[in-house]
Amino acid sequence: MERSHLHRQLVLARQTLFDQGYLDEQFIQLEELQDDANPNFVEEVVTLHYRDSARLIYNIEQALEKTALDFNKLDSYMHQFKGSSSSIGAKKVKAECTLFREYCRAGNGEGCMRSFQQLKKEYATLKRKLEAYFQLARQVGPIDTASRPK
């Protein structure tokens, strides 16, 4: 009975991530790659994303602190960050990356600063939500999670 209740909570938590716009189709594609041989595949990919993206966030922060902003360098860093975020289906983060890059192309330093602060909020929120989701998934144990959201 308990496992069934936890499973329903997990399904609801996952659906909520899609309904609230935090995740997109790419997350489902990751889930479809998960199998008995690698039951924690999605969590491992997401963990690697957060580990690797910490370096990019640091690089962007350092570049934004410079007196004369190098918009090409900022755009390059954000391009990498967007690609990494896209690979896990981080929809809101990806959208903020796109906005940041538009500000870079326009040479708008203030816009870059505002967008980066919003990006960090979305990034942290998604990280927190995914950590809770994966913690619940570990409690439930192996299940078939690869299904399209409603």
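The coordinates are above.
Computed from a predicted structure; not experimentally measured. (Residues numbered from 1 in each chain as written. Predicted model: local features only at pLDDT ≥ 70, side-chain atom pairs only at ≥ 80, totals over all residues. Heavy atoms only, no water.)

Draft legend 1. The nonpolar core, seen in detail. Counting 37 residues, the largest nonpolar core has Phe27, Phe81, Phe100 and Leu130 as its most contacted members. When contributions to this core are tallied by element, the ones reaching two or more residues are helix H1 (2-19), helix H2 (25-33), helix H3 (41-64), helix H4 (71-88), helix H5 (91-106) and helix H6 (109-140). Once residues lying within four places of it in the same chain are set aside, the contact partners of Phe27 are Phe18, Val42, Val46, Ile88, Gly89, Leu130, Tyr133 and Phe134. (Core = buried A, V, L, I, M, F, W, Y, C linked by side-chain atoms within 4.5 Å. Buried < 20%, exposed > 50% of the residue type's maximum accessible area, 1.4 Å probe, protein only. Helix = DSSP H or I, 4+ residues; strand = E, 2+ residues; numbered from the N terminus. Contact = heavy atoms within 4.5 Å.)

Draft legend 2. Seen up close, H6. With 32 residues, H6 should reach 46 Å at 1.5 Å per residue; the first-to-last C-alpha distance of 46 Å fits that figure. Sitting at the amino-terminal end of H6 is Asn108, which places a side-chain oxygen 3.2 Å from the backbone nitrogen of Glu110. The positive-phi residue at the C-terminal boundary of H6 is Gly141, with phi of around 90°. (Expected span 1.5 Å × (residues − 1). Polar contact = N/O pair within 3.5 Å; in protein donor to acceptor, adjacent residues only side chain to side chain.)

Draft legend 3. Examining the packing of aromatic side chains more closely. The tally for this structure, following the rule as stated, stands at 6 aromatic pairs. Ring geometry for Phe27 versus Tyr133: centroids 6.3 Å apart, planes at 70°, classification edge-to-face. A residue pair is termed long-range when its members are at least 10 positions apart, and Phe27 in helix H2 and Tyr133 in helix H6 qualify at 106 residues. The class of Phe27 is buried, set by a relative accessible area of 1%. (Phe/Tyr/Trp six-rings, centres within 6.5 Å; stacked < 30°, edge-to-face > 60°.)

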